[in-house]
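Listed below, chain by chain, are the residues.
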Amino acid sequence: MNPRYLGPVEAVLVAVILLLAPVMVALHGGTSPMSASGGEDIATRLAATDGVDGDKIINADANPGDWLSNGRTYSEQRHSPLKAIDTSNVKDLGVAWQFRTNTVRGLESTPIVVNGVMYVTGSWSKVWALDAKTGAQIWAYDPQVPGQWGRFACCDVVNRGVALWKGAVYVGTLDGRLVKLDAKTGKPIWDINTIDRQRPYTITGAPRIVKGLVLIGNGGAEYGVRGYITAYDADTGRQVWRFYTVPGDPRQPPEDAAMAAAMKTWSTGNTDQKWWEQGGGGTAWDSMAYDPDLDLVYIGTGNGSSWNRNLRSPGGGDNLYLSSIVALRPDTGELVWYYQTTPGDDWDYTATQHLILADLTIDGAPRKVIMQAPKNGFFYVIDRQTGKLISAKPYTTITWASGVDMATGKPIENPGVRYGKLPSAQVPGPIGAHNWQPMSFDPQTGLVYIPVIDGSFIYAQHKELSYVPGAWNVSDFAQLGQMVLAGIEKGQAPPPFKGFIRAWDPVAQKMAWQVEMTGAWNSGMLTTAGGLLFAGGSDGIFAAYNAKTGEKVWSLDLKTAMTAPAISYEVDGEQYIAIAAAFGGSGGLGATSDANTPVMKNGNNEGRIFAFKVGGTKIVEPIKVEGTATIAPPDEKVDPVLAKKGFDIYHRNCAVCHGVLLASSREVPDLRHSSPEIWASYSDIILGGALKDKGMASFADILNKDDVAALRAYTLQSAQAEWAAAHPKK
Ligand code: CA
């Protein structure tokens, strides 16, 4: 039965059956082996995970129908050798199946596919094994992350995927655990803690497994943690090594030679500011790559904790190894070389962005390179054996530096870019010119495809000049909010962020072509040997482009935003494309209300995994849920002085999820549209943690009753103003 040849009524019926398939399987109990039409049964398919190991991943091209590791290969090129779908037949691409995750927060997962079984993660670190041919659920695993931990997730309660190794699935959980699951049943084999549970660490990244060691880092630098990456024995979970990315307490002996060297680049400057109490940052929360020939594993590190160097290292210094690429020996964690993209970072210019290994011909000579487009706006091509910079050019507009000095490898900072008494407006901002969304390298075109963000940000110093444990220790979002508000009142709203796909020639260091997207926060990239680039947008449109020219050759409105990258795989001789869809992540949470997003149109952010094949259905319905109508806010008199105080408290503690000036992206509730029950329960929620299981944590450790009253005054004042504007008195 091929849906391509069906009439509209039949096509709808097929679509309904496809939609119901996961539900029907769930009713029959997910773990029993099922017969997949026309192929092996699921038990046989699942057995193939036993054979996934280093040799298999190194030789990934021998099994082009699988997607064995986060970036498909250790080189993380995110290029599929499959070519049954190409520029001539992509016009007939449609939905093969979809799977509802029943989650409402961000999805950033790269699915892993082995022999027709897909392993994919969702918000709150949930994991599903699906029949990659039908979308039927084989098993589901929920690590039961406490909702309270959502407060420590700067950038949503997301997860970027699992790793597979010898019949087991490995997932890092938001609350800092590493869990090994039986790939056939989803049952936990071991569940270990990787963090100091007294500090606000999170894990959102996908583990990578190299030489039998599971590598996992963590996040938390916006709050205050010390970054590190740890290697655990894949069999036993025993810790084999840990590499810290920044030095600890200088009164203690350094852990290793790398920390002894780094210590010299941090300074308290005769103040009582102690970076080791703030954490220092440098968290390795996402990117890794591995070169088996050079036997080097590459890790990207993040920003400082606190953001501002004046707070964490007032004596100055480069603050190694913040915002760096570090090359480590996989057996020992020993540092072999490092390259720091942003010395003495002040701007959240992380270098945790996607790392790609490739062999390029540069000036007539073959070079083994590592490539990165970190937040700071420069595209780096580095010799991956030595760490020596080959070239660096801006891939978008930047204001903070005029270039990179090829002699020192350091950026040439423009005057006045650091902020202290005066704020500093820069491009890019902390969201970066490119964030975590993976790029792709297409060996056929020789191009790297970058999801680029264009936007400015005002950095400002905390007035209090102090670090607050467990709180946001970034630049002053309250000052930012006030400056934005003052601008709006003068008719000068900040220009909206823009998003692009840029095809970048890494040898010539110049753009080959670009496509402007509807919004700024879009999906990661996939290229295929069919000559195609696949990418999705915050507007819900999933599209294919000619990888050489940028011509759009296919698109489908999924009525669900995408930030995750797509993958490609094959089952029973047929090629599929798949993507996890839902709005989310820092740019999803932090985005202000945007009428173009499906979240706003549908009134919800229900997640789903889509798979596509030639001849699939082109009918995609939005997921509608009830109960999103707005109601009038309480008709109370608000004290404007209290509301002003609430403005500052809100922007320091709440705006990162609920939106600047209360304009939420609707991934989490817009507080202006609260129910009477919520308006009556501010204290119970903010101090008592009444909604902590839903991810709204208690803030009783940093806010008090007076703060809550001020917060409520601010939100109510705004809600009343919005309601009055929408309902003018007759
Ligand atoms: Ca950061």
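Residue positions are counted from 1 within each chain, in the order its sequence is given. It should be noted that, the model being predicted, local features are given only for residues of pLDDT at least 70 and side-chain atom pairs only at 80 or more, the latter also being counted only at that level, while totals for whole chains, interfaces and linings use all residues. Only hydrogens and water are set aside when side-chain values are computed; all heavy atoms of the structure are taken into account.

Turning to the overall build of the chain, a few remarks are in order. Secondary structure assignment for the chain yields 14 helices and 39 strands. For the radius of gyration, the atoms used are the C-alpha atoms, and the globule rule reads 2.2 Å times the number of residues raised to 0.38. On C-alpha atoms alone, the chain measures out to a radius of gyration of 25 Å, which is about the 27 Å that the 2.2 N^0.38 rule sets for 730 residues. A principal-axis box enclosing the C-alpha atoms of the chain has dimensions of 70 × 70 × 50 Å. Categorising residues by exposure relies on relative accessible area from a 1.4 Å probe, with only protein chains included: less than 20% of the type maximum marks a residue as buried, more than 50% marks it as exposed, and the intermediate range marks it as partly exposed. Within the span of the chain, comprising 730 residues, buried residues form 62% of the whole. Any two residues having at least one pair of non-hydrogen atoms within 4.5 Å are treated as being in contact. Here the analysis covers contacts within the chain between residues at least 6 apart in sequence; of these, 63% occur between residues at least 24 apart. Accessibility throughout is a Shrake-Rupley quantity obtained with a 1.4 Å probe, and a residue counts as covered only by protein chains that appear here. Accessible surface for the chain amounts to roughly 26600 Å². Of this, 54% is attributable to carbon and sulfur atoms. As used throughout, the charge tally considers Lys and Arg to be positive and Asp and Glu to be negative, leaving His and the chain termini uncounted. Where a charge sits is defined by one atom per residue type, namely NZ (Lys), CZ (Arg), CG (Asp) or CD (Glu). Separation between the mean location of the 65 positive side-chain charges and that of the 72 negative ones in the chain comes to 3 Å. Each helix corresponds to a stretch of at least 4 residues labelled H or I by DSSP, and each strand to a stretch of at least 2 residues labelled E; elements are numbered beginning at the N terminus.

Further remarks concern the coordination of the calcium ion. Looking at the calcium ion, the protein donor atoms are Glu 222 (OE), Glu 222 (OE), Asn 303 (OD1), Asp 348 (OD) and Asp 348 (OD), and they sit 2.3 to 3.1 Å from it. Because water is not among the atoms used, a metal site may look incomplete, as its donors are only the N, O and S atoms within 2.8 Å, or 3.2 Å for Na, K and Ca. Mapped onto the sequence, the residues coordinating the calcium ion show the spacing E-x80-N-x44-D. A residue pair is termed long-range when its members are at least 10 positions apart, and Asn 303 in the loop between strand S17 (296–300) and strand S18 (304–305) and Asp 348 in the loop between strand S20 (335–340) and strand S21 (355–362) qualify at 45 residues. An identical accessibility class is assigned to Asn 303 and Asp 348; each is buried.

Nine residue types can take part in a nonpolar core, namely buried Ala, Val, Leu, Ile, Met, Phe, Trp, Tyr and Cys, and a core is a set of them joined through side-chain atoms within 4.5 Å. Counting residues in each nonpolar core, the largest one holds 109 residues, and the members touching the most others are Met 118, Tyr 119, Phe 534, Phe 542, Tyr 569 and Phe 612. Counting residues per element, this core draws most heavily on strand S38 (residues 574–581), at six residues. Grouped together as the second largest cluster of nonpolar side chains are 35 residues, Cys 154, Leu 296, Ala 392 and Leu 480 included.

This paragraph deals with the domain arrangement of the chain. Under the domain assignment used here, the chain contains domain 1 (47–456 + 495–614) and domain 2 (640–726). For domain 1 versus domain 2, the separation of C-alpha centres amounts to 32 Å. Taken together, the contacts link 21 residues of domain 1 with 20 residues of domain 2. Buried area is understood as the total, over both parts, of accessible area removed when two parts are fitted together, assessed with a 1.4 Å probe. Both sides of the domain 1 and domain 2 interface together cover about 1500 Å² of buried area, and 51% of this is carbon and sulfur. When residues of domain 1 are sorted by the area they lose upon contact with domain 2, Gln 148, Arg 151 and Leu 589 head the list and together hold 38% of the total. Each reported salt bridge corresponds to a side-chain nitrogen of Lys or Arg within 4 Å of a carboxyl oxygen of Asp or Glu. Taken together, domain 1 and domain 2 are joined by two salt bridges. In this structure, Arg 105 engages Glu 667 in a salt bridge whose closest nitrogen and oxygen atoms are separated by 3.4 Å. Polar contacts, as used here, are pairs of N or O atoms within 3.5 Å; protein pairs need one atom able to donate a hydrogen and one able to accept it. Residues neighboring in sequence count only if both atoms are side-chain atoms. Inspection of the region where domain 1 meets domain 2 yields seven residue pairs in polar contact (both at pLDDT 80 or more). Every element with two or more residues in the side of domain 1 that touches domain 2 is listed here: helix H8 (585–590) and helix H9 (598–602). These domain limits were set by an automatic method or by a database of domain assignments.

Moving on to empty space enclosed by the protein. Of the two site types, the cavity is a set of points on a 1 Å grid over the protein atoms alone where a 1.4 Å probe fits but cannot get out, and the pocket is an open set with protein on both sides within 12 Å along at least five of seven lines, each lined by residues with an atom within 4 Å of a point. Grid points are joined across faces, edges and corners, and a volume is the space filled by probe spheres set on the points. According to the stated counting rule, one finds seven cavities of 30 Å³ or more in the structure shown. In this structure, the largest cavity is lined by Asn 70, Glu 76, Arg 78, Thr 110, Arg 160, Arg 208, Asp 286, Ser 287, His 354, Trp 436 and Pro 438. Each residue gets one of three labels, nonpolar for Ala, Val, Leu, Ile, Met, Phe, Trp, Tyr, Cys and Pro, charged for Asp, Glu, Lys and Arg, and polar for the others, Gly among them. Here the residues of the lining of the largest cavity are counted per class, giving two nonpolar, four polar and five charged.

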